[in-house]
Amino acid sequence: MSDETDKDDVADANSEPTGPVGGERLAEARRALQIPVLEIAKELHLDEHKVRALEANRFDVIGAPVFAKGHLRKYAQLVNVDQADVMADYYLLNRAGDAPPVIAKRPKQNREISPGPWAAVIVVIIIAATAYWWFAVRDPDVTPASGAIAPLPQVTNEDDDSPGLVANEPTIELPGQGAPAEEVVELPTDVEAQIEQSQDSQPQVVETDGLRLSVTYNGDCWTEITDASGRRLFFDLGKAGRTVNLSGDAPFNVLFGNAGNVSLEVNGARYDIPAASRRGRTARLTITGP
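Residues numbered from 1 in each chain as written. Predicted model: local features only at pLDDT ≥ 70, side-chain atom pairs only at ≥ 80, totals over all residues. Heavy atoms only, no water.

Draft legend 1. Region of interest: the overall build of the protein chain. Counting its regular elements, the protein chain contains 8 helices and 9 strands. Counting all 290 residues of the protein chain, 22% fall into the buried class. Relative to all contacts within the protein chain whose residues are 6 or more apart in sequence, the contacts with residues 24 or more apart total 54%. A total accessible area of about 22700 Å² is found for the protein chain, and carbon and sulfur atoms account for 54% of it. (Helix = DSSP H or I, 4+ residues; strand = E, 2+ residues; numbered from the N terminus. Buried < 20%, exposed > 50% of the residue type's maximum accessible area, 1.4 Å probe, protein only. Contact = heavy atoms within 4.5 Å. Areas by Shrake-Rupley, 256 points an atom, 1.4 Å probe, with all protein chains shown as cover.)

Draft legend 2. Broad picture of the side chain of lysine 69. Looking at the secondary structure, you find lysine 69 in helix H5 (residues 65–78). Residues within four places of lysine 69 in sequence aside, it is in contact with Met87, Tyr90 and Tyr91.

Draft legend 3. Structural detail: unusual backbone geometry. Residue proline 251 is bonded to the preceding alanine 250 through a cis peptide linkage, with omega at 0°. With respect to the secondary-structure elements, proline 251 resides in the loop between strand E4 (243–248) and strand E5 (252–256). The backbone of asparagine 57 shows a phi angle near 65°, a positive value even though the residue is not glycine. Residue asparagine 57 is classed as buried on the basis of its relative accessible area of 18%.

Draft legend 4. Region of the structure containing the sheet that holds E4. Pairing is antiparallel across the open sheet formed by 4 strands, whose spatial order is E4-E1-E6-E7. Here the strands that pair on one side only, and so sit at the sheet edges, are E4 and strand E7 (269–271). Neighbour-to-neighbour, the strand axes of the sheet open up by a mean angle of 25°, direction not taken into account. Here 6 bridges tie strand E1 (residues 211–217) to E4, and the two strands are oriented antiparallel to one another. When the sheet's bridge partners are listed, leucine 211 is paired in E4 with glycine 248. (Pairing = 2+ DSSP bridges. Axes fitted to C-alpha atoms, helices over the stretch in contact; angles between N-to-C directions.)

Draft legend 5. Fine view of the packing of aromatic side chains. What the rule picks out here adds up to 4 aromatic pairs. Ring geometry for phenylalanine 59 versus tyrosine 90: centroids 5.0 Å apart, planes at 65°, classification edge-to-face. Residue phenylalanine 59 is found in the loop between helix H4 (48–55) and H5, and its partner tyrosine 90 is found in helix H6 (residues 83–93); the two are separated by 31 residues along the sequence. Owing to a relative accessible area of 7%, phenylalanine 59 belongs among the buried residues under this scheme. Measuring from centroid to centroid gives 5.5 Å for tyrosine 90 and tyrosine 91, while their planes differ by 75°, and the two rings are edge-to-face. For tyrosine 91, a relative accessible area of 39% translates into the label partly exposed. Taken together through their ring pairs, the aromatic side chains of Phe59, Tyr90 and Tyr91 make up a single cluster. (Phe/Tyr/Trp six-rings, centres within 6.5 Å; stacked < 30°, edge-to-face > 60°.)

Draft legend 6. Summary view of a nonpolar patch on the surface. There is a patch of nonpolar side chains on the surface, built from Trp133, Trp134 and Phe135 and spanning about 420 Å² of accessible area. Mapped onto the elements, tryptophan 134 comes out in helix H7 (residues 115–137). (Patch = residues over 30% accessible without salt bridge, like charges linked within 9 Å, V, L, I, M, F, W, Y side chains within 5 Å. Salt bridge = Lys/Arg side-chain N within 4 Å of Asp/Glu carboxyl O.)

Dropping the structure here:
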């Protein structure tokens, strides 16, 4: 008796459902609620023909199974159908569809190595080595020495009594050339007087007094200073303990990154940075004079 009962249960499990299943169940619920297909398509973000394919259980139109199952769950929420029943219908309709696909192992393709790039690399190396030898090793300005080489002079020590060490310093004299003699040229007295008078009459160059600025740093401060002609007098980071003396055409355009770390002297007189020229720690000012 038990064997017959088991056979009946297996037959019921393998029997096809008689009522609407899957998408058909959803379509029937949609019609009962009087919801148009276009409204469902908007909610699922699908085209209308794909919604009708979903209702007809043509899930291959939707794409991958993961998308079909996701749209079925969303559709079931919209028409108040139990998601578990819809998914049970889906797996019943796709018993073999969810089996993992068999992926055949792709044969490895033998990569052919082209000799072209290697040949280019070898040519480049040869050219580089030739250029290095030509410019670095071979010096075309050096000509080989010809003739006999004179022996080095032997130096003897006066305190050393050992024989064989005798000073031998050869001298080479060119024909027609003797030892240079010092020549003293005496100028007439009147010529010397004229030279002294011309030297006394030459005007002395006096440095023009422009604007002179002295900047002393008691801390780090970025500084930019230009004169009236736009010439950059100083453009650097001043360090603590440094003093910079500048001169140029007035006025000076000055920028200090940290004005609290500098003290100024203009033409030898102390100069205080005006409060109106300060912007927080920085200061931008124009110096025309003390």
